[in-house]
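Here is how the chains run, residue by residue.
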Amino acid sequence: MPRLRGMVVFGAPLAILLLVESSCARAEENPANTVQEMIAKLKQCWKPPALPRSSPGMELTVLVSFTRHGEIFGHPKIVHESPDAPDDDRLQYRLALMKTLESCTPMSLTDGLGDAVAGRPFRIRFDGRKRTPKPTERTTWLIPKIL
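Conventions and cut-offs
- Residues numbered from 1 in each chain as written.
- Predicted model: local features only at pLDDT ≥ 70, side-chain atom pairs only at ≥ 80, totals over all residues.
- Heavy atoms only, no water.
- Buried < 20%, exposed > 50% of the residue type's maximum accessible area, 1.4 Å probe, protein only.
- Helix = DSSP H or I, 4+ residues; strand = E, 2+ residues; numbered from the N terminus.
- Pairing = 2+ DSSP bridges.
- Salt bridge = Lys/Arg side-chain N within 4 Å of Asp/Glu carboxyl O.
- Disulfide = S-S within 2.5 Å.
- Axes fitted to C-alpha atoms, helices over the stretch in contact; angles between N-to-C directions.
- Contact = heavy atoms within 4.5 Å.
- Patch = residues over 30% accessible without salt bridge, like charges linked within 9 Å, V, L, I, M, F, W, Y side chains within 5 Å.
- Areas by Shrake-Rupley, 256 points an atom, 1.4 Å probe, with all protein chains shown as cover.

Engineer: What exactly am I supposed to notice about the pairing of strand E1 (residues 59–66) here?
Structural biologist: Within a regular strand, the side chains alternate between the two sheet faces. Within E1, seven of the eight residues are buried, leaving the element largely enclosed by the surrounding structure. For E1 and strand E2 (residues 72–81), the ladder comprises six bridges, and the chain directions are antiparallel. Counterpart to Leu60 in the pairing with E2 is Glu81. Between E1 and E2, which pair antiparallel in sequence order, lie five residues; one of them, Gly70, sits at a positive phi of approximately 85 degrees.

In structure tokens form, the structure reads like this:
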């Protein structure tokens, strides 16, 4: 029996390693094939900062280029920010944008898309403004009944 326990102890890390490698391979199996898919992958990584309820949030647009392998080419540049946002919010949004670009790159791109986007600048808008939800109540009771 001691020999069997040793196999279980040494076999478990190997099984975990194989699962991790297969999940990484699945992520690589689904590279972006269009510019829209590439931008959608970036926006999936976007997490706007948690701001107080009184803050409406802001939007910003970044100008960024990629290499054919999905890495950032050069330095991203913020080309638009909501003009009415306070400086503290601007700083938090800039940090969130940097984290997004850092965590999502290098992106997995198909060879064709990689060749097409290499060195070309893209303007990508990230919107973190808080939206008020639409009311779910029907307003038919407000309409006067005509007999």
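Back to the text.
Engineer: I would appreciate a short explanation of the pattern of salt bridges in the present structure.
Structural biologist: Using the criterion set out here, one finds six salt bridges in the structure. Arg90 is the partner of Glu81 in a salt bridge, and the nearest nitrogen-oxygen pair spans 2.9 Å. What emerges from the salt-bridge pattern is a single network uniting Glu81, Asp87, Arg90 and Arg94.

Engineer: Would you take a moment to explain the state of the cysteines for this structure?
Structural biologist: Simply put, disulfide is the name for a covalent bond between the sulfur atoms of two cysteines. Across all of its chains, the model carries one disulfide by this definition. There is a disulfide in this structure between Cys45 and Cys104, and the S-S distance comes to 1.7 Å. Residue Cys45 is found in helix H2 (residues 35–45), and its partner Cys104 is found in helix H3 (residues 87–104); the two are separated by 59 residues along the sequence. Exposure remark for Cys104: the relative accessible area of 10% places this residue in the buried category.

Engineer: Explain the sheet that holds E2 here, please?
Structural biologist: The strands that make up a sheet pair up through hydrogen bonds in the backbone, lying either parallel or antiparallel. The strand order E2-E1-E3 describes an open sheet built from three strands, whose pairing is antiparallel. Here the strands that pair on one side only, and so sit at the sheet edges, are E2 and strand E3 (121–127). Within this sheet the neighbouring strands show an average axis-to-axis angle of 25 degrees, counted without direction.

Engineer: Looking at this model, I keep getting lost on the side chain of Thr61. Mind explaining?
Structural biologist: Locating Thr61 in the fold gives a position in strand E1. Apart from residues lying up to four places away in sequence, Thr61 is in contact with Lys77, Ile78, Val79, His80, Arg123, Ile124 and Arg125.

Engineer: Hey, could you run me through the environment of Phe122 in this one?
Structural biologist: With respect to the secondary-structure elements, Phe122 resides in strand E3. Sequence separation between Phe122 and Val35 is 87 residues, and the spatial gap between their C-alpha atoms is 9.4 Å.

Engineer: Explain a nonpolar patch on the surface to me, please; I cannot follow it from the model alone.
Structural biologist: On the surface, a cluster of nonpolar side chains totalling about 300 Å² of accessible area is made up of Leu91, Leu95 and Met98. Within the secondary structure, Leu91 sits in helix H3. Using a relative accessible area of 52% as the deciding quantity, one classes Leu91 as exposed.

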